[in-house]
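Fold and geometry: a report
For reference, the chains in residue letters:
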Amino acid sequence: MNALRLRAVQATMAILGVFLVLAIALQCRDFRSATEVFPVAGFAVLLTFGSFGISWARVNPPISTIAELKRVKRAGLDLLIATGLTLTSACLLRLAQEPLLKTTPVATVLLILHLLCLALGLFLGWVALSTLLIQSVHPAADAQPDAPA
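Residues numbered from 1 in each chain as written. Predicted model: local features only at pLDDT ≥ 70, side-chain atom pairs only at ≥ 80, totals over all residues. Heavy atoms only, no water.

1. With respect to the overall build of the protein chain
Defined as follows: The helix count covers DSSP runs of H or I at least four residues long, the strand count covers runs of E at least two residues long, and both are numbered beginning at the N terminus. Throughout this description, buried means an accessible area under 20% of the type-specific maximum (1.4 Å probe, protein chains only), exposed means over 50%, and partly exposed covers the range between. In short, Shrake-Rupley with a 1.4 Å probe defines the accessible areas, and a residue's cover is counted only from the protein chains shown.
Check the secondary structure of the protein chain and you find five helices and zero strands. From first element to last, N terminus to C terminus, the protein chain shows the α and β order α-α-α-α-α. By residue count, 34% of the 149 residues in the protein chain fall in the buried class. Carbon and sulfur atoms form 73% of the exposed surface of the protein chain, whose accessible area is close to 9,100 Å².

So this is what it looks like as structure tokens:
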């Protein structure tokens, strides 16, 4: 069963990595049209995963090791940062679509910032989610299960 979990995690990480690259490539292709490739609500998904990571980090030893909890907490906080970046990206895109700004050089600057925030947010979110997925398959080696009473 653990081998199946490992394959599922590897497949998820690979597919999400491909989606990340495609989203950025498509966003670059439609640069001047200022269309949205990554849904605005995508930040809510990252926020949910971040909340899960922070909740996981609150588990008390000996169920988890301190090292595991530190990795999971860092991943949760990275997902929070990714949430902020993707939300900022969506806001920058909305500003660039404003009719008053659309024909000015300011719109180009906003679109470049949008693309950078989106790329960084999606990459950071992918790395953090991958950390959580890997940690879910490879639990801490020195965590002690409950001893029989």
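2. So, a nonpolar patch on the surface
Rules: Put simply, a patch holds well-exposed residues, over 30% relative accessible area, that have no salt bridge, with like charges counted together within 9 Å and Val, Leu, Ile, Met, Phe, Trp or Tyr side chains within 5 Å. The salt bridge criterion pairs a side-chain nitrogen of Lys or Arg with a carboxyl oxygen of Asp or Glu, the two atoms within 4 Å.
Side chains of Ile 15, Leu 16, Val 18, Phe 19, Leu 22 and Leu 26 sit close together on the surface and give an oily, nonpolar patch of about 520 Å² of accessible area. Considering the arrangement of structural elements, one finds Leu 16 in helix H1 (residues 2-29). A residue is classified by how much of its surface remains accessible, and Leu 16, at 31% relative accessible area, is partly exposed.

3. Some points on the nonpolar core
Formally: Within this scheme, the nonpolar core is defined by two criteria: the residues are buried Ala, Val, Leu, Ile, Met, Phe, Trp, Tyr or Cys, and they are joined through side-chain atoms within 4.5 Å. Contacts are assigned to residue pairs that have any heavy atoms within 4.5 Å of one another.
By size, the foremost hydrophobic cluster in this structure holds nine residues: Leu 46, Trp 56, Ala 57, Val 72, Ala 75, Leu 79, Ala 82, Ala 128 and Leu 132. Breaking this core down by element, the ones donating at least two residues are helix H2 (42-56), helix H3 (66-96) and helix H5 (105-137). For this core, the leading source of residues is H3, giving four residues. Every residue in contact with Ala 57, bar those within four places of it in the chain, is listed here: Leu 69, Val 72 and Lys 73. Leu 85, Leu 93, Ala 96 and Leu 111 belong to the second-largest nonpolar core, a separate cluster that totals seven residues.

4. Comments concerning the side chain of Gln 27
Put simply, the rule is: Definition of a polar contact: a pair of N or O atoms within 3.5 Å, with one able to donate and the other able to accept a hydrogen when the atoms are protein atoms, and with sequence-neighbouring residues admitted only if both atoms are side-chain atoms.
Looking at the secondary structure, you find Gln 27 in helix H1. Looking at Gln 27, its side chain comes within polar contact range of the side chain of His 114, at 3.3 Å. If we skip the residues at most four places from it in the chain, Gln 27 touches Thr 35, Glu 36, Val 37, Phe 38, His 114, Leu 115 and Leu 118.

5. Comments concerning the packing of aromatic side chains
Condition: Any two rings among Phe, Tyr and Trp, with Trp reduced to its six-membered ring, count as a pair given centres within 6.5 Å; such a pair is stacked if its planes are under 30 degrees apart, edge-to-face if over 60, and tilted if neither.
What the rule picks out here adds up to two aromatic pairs. Between Phe 52 and Trp 56, the aromatic rings sit 5.7 Å apart at their centres with planes inclined by 50°, giving tilted as the arrangement. With a gap of four residues between them, Phe 52 and Trp 56 both fall in helix H2, about one helical turn apart. Overall, the relative accessible area of 48% leaves Phe 52 in the partly exposed class.

6. Regarding the environment of Phe 123
Relative to the helices and strands, Phe 123 resides in helix H5. Judged by its relative accessible area of 44%, Phe 123 is partly exposed. Separated by 102 residues in the primary sequence, Phe 123 and Val 21 have C-alpha atoms spaced 9.1 Å apart.

7. Points about the state of the cysteines
Rule in force here: By definition, disulfides here are pairs of cysteine sulfur atoms that lie within 2.5 Å.
Evaluation of the coordinates by the stated rule reveals zero disulfides. The structure places no disulfide on Cys 117, whose sulfur is separated from the nearest cysteine sulfur, that of Cys 91, by 9.9 Å.

Purely geometric numbers; function is a separate question.
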